[in-house]
Amino acid sequence: MRRILTRVTLLAWLAVLAGCGFQLRGAYTLPYESIYVAGADYNLIVAGLKRAIRGSGSARLVDKAEDAQATFLPTNEIREPTILSLSSAGRVREKRLRYIYGYRIVDAKGRDLVAPATVELYRDISYADSDVLAKTQEEDLLWRDMEKDLVQQLLRRIATAKPQPPEED
């Protein structure tokens, strides 16, 4: 009896997992044949985005904007730590890390294919003066995690963007 109950429970869980629509994230299909990513290669976001586009295999990454069907242009990048709360002694207790990244996607003539947009990421962190080194390392780790998350969000946004064909002048 116990064995049957275990099997029925297992089958029920498998049915729930199969019915919920869960699936592994696959490769992204970009809506452009070729794309140019403007920016310096030493910029972590630009380098990560180029690596992700190469890995997707759906669009060719080109070296010149003139050769590309679309150009990804970063417009601004702001990293902003903000104090959320203070202790009764006036020392920082919590901080919020805010990362704002703006971008545009244009064609070879500079016309917008996708309207300018921004991605905003937030992470909250507790802070203690007694653990300055550990909290500094934790903050650095959170910034790196936000950079990786940003690259994935940018790739998803590029993949799901419906490019508007620019009006001919």
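Residues numbered from 1 in each chain as written. Predicted model: local features only at pLDDT ≥ 70, side-chain atom pairs only at ≥ 80, totals over all residues. Heavy atoms only, no water.

Caption draft 1: Representation of the layout of surface pockets within the structure. One number sums up the size of the largest pocket: a volume of about 190 Å³. Residue lining of the largest pocket: Leu44, Ile45, Ala47, Gly48, Arg51, Ala52, Arg144, Glu147, Lys148, Val151 and Gln152, and that is the complete set. Looking at the lining of the largest pocket, the elements that each hand over two or more residues are helix H2 (44-56) and helix H3 (132-160). At six residues, the largest contribution of residues to the lining of the largest pocket is made by H2. (1 Å grid on protein atoms, 1.4 Å probe; cavity = no way out; pocket = protein on both sides within 12 Å on 5 of 7 lines; lining within 4 Å. Points joined across faces, edges and corners; volume = space filled by probe spheres on them. Helix = DSSP H or I, 4+ residues; strand = E, 2+ residues; numbered from the N terminus.)

Caption draft 2: Summary view of the packing of H2 against H3. Relative orientation of the contacting elements H2 and H3 amounts to 50 degrees, with a least axis distance of 9 Å. If you check the angle between H2 and H3, you find them oblique. H3 is crossed by H2, and the crossing has right-handed handedness. Residue-level inspection shows Leu44, Ile45, Gly48, Leu49, Ala52 and Ile53 of H2 in contact with H3, the latter providing Glu147, Leu150, Val151, Leu154, Leu155 and Ile158. Broken down by class, the residue content of the contact of H2 with H3 amounts to 10 nonpolar, one polar and one charged. (Axes fitted to C-alpha atoms, helices over the stretch in contact; angles between N-to-C directions. Parallel < 35°, antiparallel > 145°, perpendicular 65-115°, else oblique. Left-handed = near helix turned anticlockwise from the far one by under 90°. Contact = heavy atoms within 4.5 Å. Nonpolar A, V, L, I, M, F, W, Y, C, P; charged D, E, K, R; others polar.)

Caption draft 3: Local environment of H2. Taking 1.5 Å per residue, 13 residues should reach 18 Å; H2 reaches 18 Å between its end C-alpha atoms and fits that length. Within H2, burial applies to Ile45, Val46, Gly48, Leu49, Lys50, Ala52, Ile53 and Ser56. Where the residues of H2 are buried, they touch strand E1 (34-37), strand E2 (60-61), strand E3 (70-86), strand E4 (92-106) and H3. Its side-chain oxygen 2.8 Å from the backbone nitrogen of Ile45, Asn43 forms the N-cap of H2. (Expected span 1.5 Å × (residues − 1). Buried < 20%, exposed > 50% of the residue type's maximum accessible area, 1.4 Å probe, protein only. Polar contact = N/O pair within 3.5 Å; in protein donor to acceptor, adjacent residues only side chain to side chain.)

Caption draft 4: Up close: the sheet that holds E1. One open sheet accounts for five strands, arranged E2-E1-E3-E4-E5; its pairing is mixed. Where the open sheet ends on each side, the last strands, each with one partner, are E2 and strand E5 (112-126). In terms of strand pairing, E4 meets E5 through 12 bridges, oriented antiparallel. The partner of Tyr103 across the bridge, within E5, is Ala117. Those strands touched by H2 are E1, E2, E3 and E4, and its axis lies near 165 degrees from that of E1. Against the sheet, H3 touches E1, E3, E4 and E5, its axis set at about 155 degrees to E5. (Pairing = 2+ DSSP bridges.)

Caption draft 5: Structural context of the pairing of E4. When E3 meets E4, the two strands line up antiparallel, connected through 14 bridges. Residue pairing in the sheet places Pro74 in a bridge with Tyr103 of E4. Where E4 folds back on E5, the antiparallel hairpin that results is connected by five residues, among which Gly110 adopts a positive phi of roughly 85 degrees.

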